[in-house]
Amino acid sequence: MSKEHQAGMSLIVKTITRLTVGLILLYGIYILLHGHISPGGGFAGGVIVALSFIHLMLAYGKEMAFKKLSKGAASFLESGGAIMFLLIALSGFSGGYFFLNFINKGEPFRLFSAGIIPLCNIAISFKVGAGLFAIFVALVLLKTNSKEKER
Amino acid sequence: MIELYILLIFMIIGAIVAIEVKDLLSSVVAVGAVGLGLSIAFLILKAPDVAITQLVVEILCLIILIRATLKKDLPFSTSGRWFFNSLITAGFLTIFLFMAAEALQQLPKFGQPIMRVASTYLQQGLSETGAANLVSSVILDFRAYDTLGEATVLFTAVIGVLTLVRRIGRKKIGEKVKAEDE
């Protein structure tokens, strides 16, 4: 299993993946950017973005996926998302209190509206996407690696 | 409402199958069926936000479970003391059923929640936050502390997983480790 895991799956799966993975990534970005207008939001969008990378990793093996999103980048995005969320919350102090919605609300039902909520969605999606990708890598790849070592 | 009961029965059957079946992969698939039924139930109850989140998290969990458990048989221990174990199980079941029966009578009727705080959110959510999606305005504006706590929980979980499953311990100063070991 581990050897096939390294090299990815068959040609059919690889071809289908090449067609679908971009669409899945775009759909995740759509969900997270429209979180304040339509159902969805940062958490669901981040999970879908992470799923697109996991899809790539399952089909093509880990080398290809790490070329697109390396471990360092994933850990940077995760910590960066958490810090960005906290900074947005802290910058509410400029107008009064923690988590103050200090940006102009704008017109409802537009993409650029609702003040800090889209920014929070983006921060949470970075955090959730990179974090779940890291959990997947840790739980799946490291386990197969240690099995190889036992042989 | 009848479709909700059908879904609930389907989910209960799926959960029982997941417990009783011997093959680990079939059990994982049955758990996935339960999660799918739960997301459809959220859709029927008109909560699309929760349904989307439930669906994608369920898919992710299914992939991780299948990848982690495939071709791996976990030892299943049925040791002695079955009488003691089933006695404790029956005792706890009785206590929980009694408590649940007492508590359920105090709850408001299904579909008619108490709208003390929620009605304020519904009336003023759009004008106060400018977000058309009220769920989003609640989790990121009115109750943003909850979301901050949830983000912290996820961060801690990721750090914990990475700490537990890594293969090398702490590096000495100047010690080099092969890149594939990390």
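Keep in mind that what you see is a predicted model, and the values were worked out from it rather than measured.

Draft legend 1. Summary view of the overall build of chain A. Helices and strands together make up the secondary structure of chain A, namely 6 helices and 0 strands. Considering chain A as a whole, with its 151 residues, one finds that 49% of them fall into the buried category. Counting only contacts in chain A whose residues sit at least 6 apart along the sequence, the fraction spanning at least 24 positions is 69%. For chain A, the computed accessible surface area is about 7400 Å², with 71% contributed by carbon and sulfur atoms.

Draft legend 2. Highlighting the interface of chain A and chain B. Taken residue by residue, the interface counts 50 residues in chain A and 40 residues in chain B. Buried surface at the junction of chain A and chain B, summed over both partners, amounts to about 4100 Å²; 73% is from carbon and sulfur atoms. At the boundary of chain A with chain B, the tally comes to 0 salt bridges. Remark: the boundary between chain A and chain B carries 2 residue pairs in polar contact (both at pLDDT 80 or more). Every element with two or more residues in the side of chain A that touches chain B is listed here: helix H3 (42-60), helix H5 (71-90) and helix H6 (117-150) of chain A.

Draft legend 3. Spotlight on the pattern of salt bridges. Residue and element names in this part refer to chain A. All chains considered together, the criterion is met by 1 salt bridge over all chains. Here Lys127 and Glu78 are joined by a salt bridge, their closest N and O atoms 3.2 Å apart. Of the two residues, Lys127 is situated in helix H6 and Glu78 in helix H5; the sequence distance between them amounts to 49 residues. Owing to a relative accessible area of 6%, Glu78 belongs among the buried residues under this scheme.

Draft legend 4. Highlighting a nonpolar patch on the surface. On the surface, a cluster of nonpolar side chains totalling about 780 Å² of accessible area is made up of Met1, Ile2, Tyr5, Ile6, Leu8, Leu45 and Phe110 of chain B. Mapped onto the elements, Ile6 of chain B comes out in helix H1 (residues 2-20).

Draft legend 5. Representation of the environment of Ile116 of chain A in the model. All names here are of chain A. The residue Ile116 is located in the loop between H5 and H6 in this model. Classification of Ile116 by relative accessible area gives buried; the value is 1%. The spatial distance from the C-alpha of Ile116 to the C-alpha of Asn101 is 5.8 Å, given a sequence separation of 15 residues. Beyond its immediate sequence surroundings of up to four residues, Ile116 is in contact with Ile88, Phe99, Leu100, Asn101, Phe102 and Ile103.

Draft legend 6. Layout of the side chain of His36 of chain A. Mapped onto the elements, His36 of chain A comes out in the loop between helix H2 (11-33) and H3. Those residues within four positions of His36 of chain A in sequence are excluded, and the remaining contacts are Arg110, Leu111, Ser113, Ala114, Ile117, Pro118 and Asn121 of chain A together with Ala131, Ala132, Asn133 and Ser136 of chain B.

Draft legend 7. The layout of surface pockets, seen in detail. In this structure, the second largest pocket encloses a volume near 290 Å³. Together, 19 residues line the second largest pocket, and Gly40 and Phe43 of chain A together with Val135, Ile139 and Glu150 of chain B are the ones closest to its centre. Listed by contribution, the elements that provide at least two residues to the lining of the second largest pocket are H3 and H6 of chain A together with helix H3 (48-69), helix H6 (134-142) and helix H7 (144-165) of chain B. Per element, the largest residue contribution to the lining of the second largest pocket is 4 residues, and it comes from H6 of chain B.

What counts and what doesn't
Residues numbered from 1 in each chain as written. Chains lettered and ligands numbered in written order. Predicted model: local features only at pLDDT ≥ 70, side-chain atom pairs only at ≥ 80, totals over all residues. Heavy atoms only, no water. Helix = DSSP H or I, 4+ residues; strand = E, 2+ residues; numbered from the N terminus. Buried < 20%, exposed > 50% of the residue type's maximum accessible area, 1.4 Å probe, protein only. Contact = heavy atoms within 4.5 Å. Areas by Shrake-Rupley, 256 points an atom, 1.4 Å probe, with all protein chains shown as cover. Buried area = accessible area lost by both parts, 1.4 Å probe. Salt bridge = Lys/Arg side-chain N within 4 Å of Asp/Glu carboxyl O. Polar contact = N/O pair within 3.5 Å; in protein donor to acceptor, adjacent residues only side chain to side chain. Patch = residues over 30% accessible without salt bridge, like charges linked within 9 Å, V, L, I, M, F, W, Y side chains within 5 Å. 1 Å grid on protein atoms, 1.4 Å probe; cavity = no way out; pocket = protein on both sides within 12 Å on 5 of 7 lines; lining within 4 Å. Points joined across faces, edges and corners; volume = space filled by probe spheres on them.

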